[in-house]
Amino acid sequence: MLAERDDVTLLAGGTDAMVEINDGHRRPQGPVVAVNRIPDLRSWRHDRAAGTLTIGACVTYTELMDPAIATLVPALAEASRTVGSPQIRNAGTLGGNLGTCSPAGDGLPVLAALDATVTLASRSGTRTMPVTEFMVGVKRTAIEPGELITEVTLPVVDGWQGYAKVGVRNAMVIAIASTCVVFDRAAQTVRVALGSVGPTILRCPDAEAHLASHVDWNTMSAAADDLDRFGTLVSDASRPITDHRSSAEYRRHAVGVLARRLAQRAATPAGPPGAPA
Amino acid sequence: MSEAEIYRLHVNGERRDVTDSWVGESLLDVLRDRLGLVGAKGACEQGECGSCSVIVDDELVCSCLVMAASAVGQRIVTVEGIAAPGTPSDVQQAFVDAGAVQCGFCTPGLIMAVHDLLDRTPAPTDTEIREELAGNVCRCTGYGRIIDAVQRVAVARTERAS
Ligand SMILES: Cc1cc2nc3c(=O)[nH]c(=O)nc-3n(C[C@H](O)[C@H](O)[C@H](O)COP(=O)(O)OP(=O)(O)OC[C@H]3O[C@@H](n4cnc5c(N)ncnc54)[C@H](O)[C@@H]3O)c2cc1C
Ligand code: FES
Ligand code: FES
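A.B. asks: Before we move on, could you go through the site of ligand 1 and cite the residues and values that matter?
C.D. replies: Taken together, 37 residues are adjacent to ligand 1, and T15, D16, Y61, T93 and D106 of chain A come closest. Those residues lying near ligand 1 are distributed over chains A and B. One of the backbone nitrogen or oxygen atoms of G13 of chain A is found 2.7 Å away from an oxygen atom of ligand 1. One of the backbone nitrogen or oxygen atoms of A17 of chain A is found 2.7 Å away from an oxygen atom of ligand 1. The class makeup of the residues in the shell around ligand 1 is 18 nonpolar, 14 polar and five charged.

Written out as structure tokens, the structure is:
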């Protein structure tokens, strides 16, 4: 049906799409396909040999918080825990987060930091692309008419990883700034991705390279100065705007602070003796 | 699912035909306006308040965000299906006993959320209760008595079990 008609509406958990429909911003003109009722899209698999985890587009946040997945990609489980409420996490899916492609989507910085790939299927076959290419701009993706997101593949990385966001209160908030930091011990690299501080999710190559070359990978520590510098470079990489949720200055400051705090949890500050960390 | 204005839902153990719905209509509106089940309340219609909470295939969801036609073949439980009239569930009774109901608008959604919470977490801490009920807004009680009601049920169920 997807291949034959161009008026098909795809619906997963409905937590973005139904808000628009209820508001009258969107009325499905043609048929609606409830993709979250397709069992294949609700499954996930861990390929030990390849060291990858493949997650079906319709896996929900509640499922991503399950220890079976959370132990493989802790940052994704942490990000999922910050989404909405239990009701929203039971319905909302990773594929829907990608489909909406809001810069504030909580799953997206984790996918970007991990260099995840997105697989799209249509009648003419499937194609797979890096998530950073999939996300084209504010609520704009590389999906073509007739295409469906089927799954996301991420590496299972050895090393600390985490996600943090700031919002106006503790629960039920859209991020005004968010950060995912991943330490890859095997590759001795650091990866950082930022949400809500640009038209789409941003990576921070300068900050990543700086910290990777200053971490002591044996003791998993870093000098306080280098962690500070890391935070500054992250702030520099952000391209925030001022809107009704927050100012650009606050967002720029906040992502740096979040990044430094996350990094410090992985690489304990090892300043000169006696120096405050 | 094509232009599905006519379909059958499975609500509170009964088959219910929906004959006059529009594609895209929310489960909340279908329950209330087409099936006469007005327990679930609608306020924000954008997933923020939880007053429309129902259980679909064992998952607590906002019925305002479920497209009704997409729930064909799923088990839907509304507050009307929690207990028979005149015989409140333990959670419903505890809300009354603890004074957790004031205007009552949020109550049906909270009853669903609390049943779901206690099924998954039989002995929650106050913090867990607050986190788990973050999607249910109450503008009257300040939540203290709601938490009290949840704890009463948790204690009573544990005592009954031991
Ligand atoms: C009260 C509330 C709180 C929220 N809080 C958060 C939050 O804290 N963090 C956050 O990130 N988000 C939040 N959201 C937004 C939303 O829950 C997420 O973006 C969620 O991931 C959307 O997933 P879904 O399955 O509900 O998508 P849907 O609403 O079903 O779909 C979203 C879009 O993606 C398309 N789509 C869905 N699946 C596919 C697919 N497989 N292939 C192609 N296109 C597809 C749909 O056509 C639609 O355009 C919140 C929403 C609400 C209502
Ligand atoms: S009416 Fe559904 S959450 Fe408010
Ligand atoms: S009792 Fe009035 S909203 Fe909760």
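A.B. asks: Explain unusual backbone geometry residue by residue, including any values.
C.D. replies: Glycine aside, residues mostly have negative phi angles, and peptide bonds mostly take the trans form. Residues and elements named next belong to chain A. One non-glycine residue with positive phi stands out, namely D115, at about 55 degrees. Here D115 is to be found in the loop between α7 (107-113) and β5 (117-122). The exposure class assigned to D115 is partly exposed, which follows from its relative accessible area of 44%. Residue M220 is not a glycine yet carries a positive backbone phi of 50 degrees. Within the secondary structure, M220 is located in the loop between α9 (205-214) and β14 (221-222).

A.B. asks: How would you sum up the interface of chain A and chain B? Please name residues and give values.
C.D. replies: With 25 residues of chain A at the interface, the matching set in chain B holds 33 residues. Summing the contributions of chain A and of chain B, the shared interface buries around 2,200 Å²; its carbon and sulfur component is 57%. In this assembly, chain A and chain B are joined by zero salt bridges. On the surface where chain A and chain B come into contact, there are seven residue pairs in polar contact (both at pLDDT 80 or more).

A.B. asks: Would you mind going over the domain arrangement of chain B in detail, with residue names and values included?
C.D. replies: Residues and elements named next belong to chain B. According to the domain assignment, chain B consists of domain 1 (7-81) and domain 2 (90-161). Centre-to-centre separation of domain 1 and domain 2, based on C-alpha positions: 22 Å. Domain 1 puts 16 residues into the contact, and the matching count from domain 2 is 11 residues. Both faces considered, domain 1 and domain 2 share a buried interface measuring about 1,000 Å² in area, 67% of it formed by carbon and sulfur atoms. Taken as a group, K41, L60 and V79 account for 41% of the area that domain 1 buries against domain 2, more than any other trio of residues on that side. Across the contact surface, domain 1 and domain 2 share zero salt bridges. Where domain 1 packs against domain 2, one counts three residue pairs in polar contact (both at pLDDT 80 or more). Ranked by residue count, the leading element in the side of domain 1 that touches domain 2 is strand β3 (residues 53-56), at three residues. When its residues are assigned to classes, the side of domain 1 that touches domain 2 shows seven nonpolar, six polar and three charged.

A.B. asks: Hey, could you go over helix α2 (residues 90-98) of chain B for me, with residue numbers and the actual values?
C.D. replies: Residues and elements named next belong to chain B. Along α2, the residues classified as buried are V91, Q92, A94, F95 and A98. Buried residues of α2, viewed axially, fall in a sector of 165 degrees; they line one side. Here the buried face of α2 lies against α3 (107-120) and α5 (144-161). Downstream of α2 by a residue or two, G99 has a phi angle that is positive, lying close to 70 degrees.

What counts, and where the lines are drawn
Residues numbered from 1 in each chain as written. Chains lettered and ligands numbered in written order. Predicted model: local features only at pLDDT ≥ 70, side-chain atom pairs only at ≥ 80, totals over all residues. Heavy atoms only, no water. Near = heavy atom within 4 Å. Polar contact = N/O pair within 3.5 Å; in protein donor to acceptor, adjacent residues only side chain to side chain. Nonpolar A, V, L, I, M, F, W, Y, C, P; charged D, E, K, R; others polar. Helix = DSSP H or I, 4+ residues; strand = E, 2+ residues; numbered from the N terminus. Buried < 20%, exposed > 50% of the residue type's maximum accessible area, 1.4 Å probe, protein only. Contact = heavy atoms within 4.5 Å. Buried area = accessible area lost by both parts, 1.4 Å probe. Salt bridge = Lys/Arg side-chain N within 4 Å of Asp/Glu carboxyl O. Domains from an automatic or database assignment. Arc of directions from axis to C-beta.

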